[in-house]
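Notes for the structure review
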Amino acid sequence: LDWKSLVIALVIVILAIALGITASAYFKSHAFNLNANRLGNFAGIALVVFSAVMSNSDADVRIWDREWRFYLGVSTPYL
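As the structure is a prediction and not an experimental result, all values here were calculated from the model.

A short note on the overall build of the protein chain
A count of helical and extended segments in the protein chain gives three helices and zero strands. The order of α-helices and β-strands along the protein chain, N terminus first, is α-α-α. Computed over its C-alpha atoms, the radius of gyration of the protein chain comes to 17 Å, more than 25% above the 12 Å expected for a compact globule of 79 residues. Principal axes of the C-alpha set define a box for the protein chain whose edges measure 50 × 30 × 20 Å. Looking at the protein chain as a whole, 3% of its 79 residues are labelled buried. Carbon and sulfur atoms make up 72% of the accessible area of the protein chain, which amounts to about 7,200 Å² in all.

If you want it as structure tokens, here you go:
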């Protein structure tokens, strides 16, 4: 387990959340909140797509070579 990368990623996420909350409180504008929400949704979807593409880069662990239980377990939080 690469602890350094994990801690760096966690710090970035915590800082991004804190910055978003601070900006939302500072700019008390519905238009700003709406655009920030759209940007956050786009960034989240882009991260999911990027992660899926990068996880398929190794021929031994392709995401579509999993059993049906894997897909059921991954999709359960969305149901």
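Brief notes about the pattern of salt bridges
What the rule picks out here adds up to one salt bridge. Residues glutamate 67 and arginine 69 are paired through a salt bridge, measuring 3.0 Å at the closest nitrogen-oxygen approach. Each member of the pair glutamate 67 and arginine 69 is classed as exposed.

Points about a nonpolar patch on the surface
Together, Ile45, Leu47, Val49, Phe50, Val53 and Met54 make up a nonpolar patch on the protein surface, roughly 620 Å² of accessible area in all. Relative to the helices and strands, phenylalanine 50 is located in helix 2 (residues 30-55).

Things to note about the packing of aromatic side chains
Across all of its chains, the model carries three aromatic pairs by this definition. Their ring planes at 80° and their centres at 4.9 Å tell us that tyrosine 26 and phenylalanine 27 sit as a pair that is edge-to-face. Here a set of aromatic residues connected by ring pairs shows up, and it is made of Tyr26, Phe27 and Phe32.

What counts, and where the lines are drawn
- Each residue is numbered by its place in its chain's sequence as written, counting from 1.
- Selection of residues for local features in this predicted model requires a pLDDT of at least 70, selection of side-chain atom pairs for listing and counting requires 80 or more, and totals for whole chains, interfaces and linings are taken over all residues.
- Hydrogens and water molecules were not included; the side-chain quantities draw on all heavy atoms of the structure.
- The helix and strand labels rest on DSSP assignments: H or I over at least four residues marks a helix, E over at least two residues marks a strand, and numbering proceeds from the N terminus.
- Radius of gyration here is computed from C-alpha atoms only, and the compact-globule reference equals 2.2 Å multiplied by the residue count raised to the power 0.38.
- Residue exposure (1.4 Å probe, protein chains only): buried if accessible area is under 20% of the type maximum, exposed if over 50%, otherwise partly exposed.
- Accessible areas in this description were obtained via Shrake-Rupley with a 1.4 Å probe; residue shielding takes into account the shown protein chains only.
- The working definition used for a salt bridge is a side-chain nitrogen of Lys or Arg within 4 Å of a carboxyl oxygen of Asp or Glu.
- Patch definition: residues with relative accessible area over 30% and no salt bridge; like charges joined within 9 Å; nonpolar side chains (Val, Leu, Ile, Met, Phe, Trp, Tyr) joined within 5 Å.
- Only rings of Phe, Tyr and Trp enter the pairing, Trp through its six-membered ring, and a pair is recorded when the two centres are within 6.5 Å. The plane angle decides the type: under 30 degrees is stacked, over 60 is edge-to-face, the rest tilted.

Without other data, these values stay purely geometric and don't point to any function.
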